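# Residue-level structural notes
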Amino acid sequence: MRTSAMPLERKRLTDQIIDQLLAGISSGKVKPGEKLPPEPELMNQFGVGRSSLREAIAALSLVGLLEVRPGHGTTVSLSTGEFLTKPLRWGMLMNWRDRIHELVEARMIIEHAMAGMAAERATKEEIAEIKYYQTQLRSSKKLGKKAVQADLAFHAALAKASHNSILARYLAELRHPMKSMMEQKASVFIDYDRVAEQHEAIVQAIEAHNPSKAQAALRDHLEWAGERLKAVVLKKESK
């Protein structure tokens, strides 16, 4: 009996590593908060090279399942249970390099709309909250993780000021990959002076209740951030 089925493709090494790590985590063999073995040990365990292993770990850290801390190693996220119940997070693992571009696009669409809404609807208290996190970013821009936290909080305050709970929920779903992306950028290079300037343009437009300027400033910021992220990914893959 003949069928029209297409030939099956052999899985890439990176995908096989991801599958094995996911199996260990979902089965409980590797528990939340547990530190993974050093890179040389993992390479020997899986029988793979450094580039395939790093690519797999980068993909799992992108969706928030692993936490990579330079100089401290890689640990399983404490929020693995939340990850395993989120279809969006699973989807991010499929062709994850392409998903980075899609994630930037999704952020652009969601936050572009929210910036315009925030400019129209933000209260004085909400504008003050956005400005507070902008101040936090400026004061912590040389401190790595604190700058990332301030950056994330700025965008969360912007979402709150849009007064659209549905869009805010979609953005919240992207929080883990967004956090991972920001940390990956910060671990290689990131010009937080430039980020602060771009945020300032967004703040001024919202404070002036000018939707078109707020959207333009937000678009410029995310396009620039997206280019920085691509540069980080290419730099890591070339190592």
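Rules used throughout
- Residues numbered from 1 in each chain as written.
- Predicted model: local features only at pLDDT ≥ 70, side-chain atom pairs only at ≥ 80, totals over all residues.
- Heavy atoms only, no water.
- Helix = DSSP H or I, 4+ residues; strand = E, 2+ residues; numbered from the N terminus.
- Buried < 20%, exposed > 50% of the residue type's maximum accessible area, 1.4 Å probe, protein only.
- Contact = heavy atoms within 4.5 Å.
- Areas by Shrake-Rupley, 256 points an atom, 1.4 Å probe, with all protein chains shown as cover.
- Pairing = 2+ DSSP bridges.
- Phe/Tyr/Trp six-rings, centres within 6.5 Å; stacked < 30°, edge-to-face > 60°.
- Axes fitted to C-alpha atoms, helices over the stretch in contact; angles between N-to-C directions.
- Parallel < 35°, antiparallel > 145°, perpendicular 65-115°, else oblique.
- Left-handed = near helix turned anticlockwise from the far one by under 90°.
- Salt bridge = Lys/Arg side-chain N within 4 Å of Asp/Glu carboxyl O.
- pLDDT = per-residue confidence, 0-100.
- Expected span 1.5 Å × (residues − 1).

Secondary structure assignment for the protein yields 12 helices and two strands. Secondary structure elements in the protein, listed N-terminal to C-terminal, are α-α-α-β-β-α-α-α-α-α-α-α-α-α. When burial is assessed residue by residue, the protein has 42% of its 239 residues classed as buried. Sequence separation of 24 or more characterises 76% of the internal contacts of the protein that already satisfy a separation of 6 or more. As presented, the protein carries roughly 13,300 Å² of accessible surface, and 54% of it is formed by carbon and sulfur atoms.

Okay, the environment of Ala168 next. Mapped onto the elements of the fold, Ala168 is located in helix α9 (residues 165-173). Overall, Ala168 belongs to the partly exposed group, its relative accessible area being 23%. A sequence separation of 54 residues divides Ala168 from Met114, and the C-alpha atoms of the two residues are 8.3 Å apart. When neighbours within four sequence positions are excluded, Ala168 is seen to be in contact with Met114 and Ala159.

Another aspect to go through is the pairing of strand β2 (residues 73-76). Bridge count for strand β1 (residues 66-69) against β2 is four bridges, and the pairing is antiparallel. Residue pairing for β2: Val68 is matched across the bridge by Thr74. In this antiparallel pair of consecutive strands, β1 and β2, the connection spans three residues, and Gly71 shows a positive phi of 90 degrees.

Bringing the packing of aromatic side chains into the picture now. The geometry of two aromatic rings is summed up by the distance between their centres and the angle between their planes. Summed over the entire model, instances satisfying the criterion amount to one aromatic pair. With a centroid separation of 5.1 Å and an interplanar angle of 70 degrees, the aromatic rings of Tyr132 and Tyr133 are classed as edge-to-face. Relative accessible area serves as the criterion here: at 45%, Tyr132 is assigned to the partly exposed category.

Here we take up the packing of helix α7 (residues 124-140) against helix α11 (residues 192-207). Two elements in contact, α7 and α11, have axes whose closest approach is 10 Å; the angle formed by their N-to-C orientations is 165 degrees. Our classification of the angle between α7 and α11 gives roughly antiparallel. Remark: the crossing between α7 and α11 carries left-handed chirality. In contact with Ile127, Ile130, Lys131, Gln134, Leu137 and Arg138 of α7, α11 contributes Tyr192, Val195, Ala196, Glu197, His199, Glu200, Val203, Ile206 and Glu207.

Comment: phi is negative for the bulk of residues other than glycine, and the bulk of peptide bonds are trans. Notably, His163 is not glycine yet its phi reads approximately 60 degrees, a positive angle. Relative to the helices and strands, His163 resides in the loop between α8 (145-161) and α9. The exposure class of His163 is partly exposed, given its relative accessible area of 43%. The phi dihedral of His209 is positive, around 55 degrees, even though this residue is not glycine. Turning to its location among the elements, His209 is positioned in the loop between α11 and α12 (211-237).

This brings us to the pattern of salt bridges. Going through the model one piece at a time under the given rule, you end up with six salt bridges. As a salt-bridge pair, Arg50 and Glu39 come within 2.7 Å of each other at their nearest N and O atoms. Here Arg50, found in helix α3 (residues 50-62), pairs with Glu39, found in helix α2 (residues 39-46); they are 11 residues apart in sequence, far enough to count as distant. Given a relative accessible area of 39%, Arg50 falls into the partly exposed group. With its nearest N and O atoms 3.9 Å apart, the salt bridge here joins Glu200 to Arg138.

The next subject is the confidence of the model for the protein. Should pLDDT be low for a region, the predicted coordinates there are not to be read in detail. When pLDDT is averaged across the protein, the result is 78; 71% of the residues are at 70 or more. Taken element by element, the protein is modelled with least confidence in helix α5 (residues 87-92), mean pLDDT 49, and with most confidence in α11, mean pLDDT 93. This model gives residues 1-9 a pLDDT under 50, and the stretch forms zero contacts once residues within four places in sequence are excluded.

In this model α11 runs 22 Å from its N-terminal to its C-terminal C-alpha over 16 residues, within 8% of the 22 Å that 1.5 Å per residue would give. Among the residues of α11, Tyr192, Val195, Ala196, Gln198, His199, Ile202, Val203, Ala205 and Ile206 are the ones counted as buried. Positive phi appears at His209, one or two residues downstream of α11, with a value of about 55 degrees.

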